[in-house]
Amino acid sequence: MSLLEIIQPDNPALRRQALRINDFGAPLQDLINDMYETMIKAEGVGLAGPQVAQSLRLILVRLPDDDDSQETYGEEAGKLYVVANPKISKRSPDTVSGVEGCLSLPGLLGDVERHQSIEVTGQDRNGSPMCLQASDWLARIFQHEIDHLDGKLFIDIATRVWRPEEENSIVEKEA
């Protein structure tokens, strides 16, 4: 396994529509392993193929597994989700605003409105069909990562974007 470079918005690959995955062979398995190592090293909770310059419809999602997270998320804490060709098949009508960051946009945070719960369909790392329900923070992470597959960044839909070290300084926009 090896660490991959997490690209930033100056790389056009981050803004492209990702391609459907049809081959679940060894190269994809190696990419998944490398993405996992990269996500963990970067202390992220999600990573999408386009973020490592791979224009593939692939996301990894993993809630933290520290003591606080285990208390908060129970069995979901530390569980790795690998989803190829993910689609949000159902969305709750309820939305909630929350703070998001992104490994491809270091140093920025934003307030983003997301569906409180969703259903995601796709394929597991071996190509088998899968369907999962997610709510709260887990749903937010899935929505954020799936946006990456369509070239969308959280700053595109945030109502407010700022740098944490300059809490009162809006750097992009305010609605």
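Residues numbered from 1 in each chain as written. Predicted model: local features only at pLDDT ≥ 70, side-chain atom pairs only at ≥ 80, totals over all residues. Heavy atoms only, no water.

Attention shifts here to the sheet that holds strand β1 (residues 46-48). Read across the sheet, five strands follow the order β1-β2-β3-β6-β7 without closing on themselves; strand pairing throughout is antiparallel. Of all the strands in the sheet, just β1 and β7 (129-135) have a single pairing partner and so form its edges. Each strand axis lies, on average, 40 degrees off the axis of its neighbour in the sheet, ignoring direction. The sheet contact formed by strand β6 (residues 117-123) and β7 spans seven bridges and is antiparallel. Looking at the pairing, glutamine 123 lines up with proline 129 of β7. Against the sheet, helix α1 (residues 26-41) touches β1, β2 (58-62) and β3 (80-91), its axis set at about 40 degrees to β2. Strands β1, β2, β3, β6 and β7 of the sheet are contacted by helix α3 (residues 136-149), whose axis makes an angle of about 160 degrees with β2. (Pairing = 2+ DSSP bridges. Helix = DSSP H or I, 4+ residues; strand = E, 2+ residues; numbered from the N terminus. Axes fitted to C-alpha atoms, helices over the stretch in contact; angles between N-to-C directions. Contact = heavy atoms within 4.5 Å.)

In this section: the side chain of arginine 114. Inspection of the secondary structure assignment puts arginine 114 in strand β5 (residues 109-115). Within the structure, the side chain of arginine 114 is placed 2.8 Å from the side chain of glutamate 100, a separation counted as a polar contact. (Polar contact = N/O pair within 3.5 Å; in protein donor to acceptor, adjacent residues only side chain to side chain.)

To continue, consider α3. For α3, spanning 14 residues, the distance from its first C-alpha to its last is 21 Å, which sits close to the expected 20 Å at 1.5 Å a residue. Counted residue by residue, α3 has twelve buried out of 14 residues, so it is predominantly covered. Listed in full, the buried residues belonging to α3 are Leu138, Ala139, Arg140, Ile141, Phe142, Gln143, His144, Glu145, Ile146, Asp147, His148 and Leu149. (Expected span 1.5 Å × (residues − 1). Buried < 20%, exposed > 50% of the residue type's maximum accessible area, 1.4 Å probe, protein only.)

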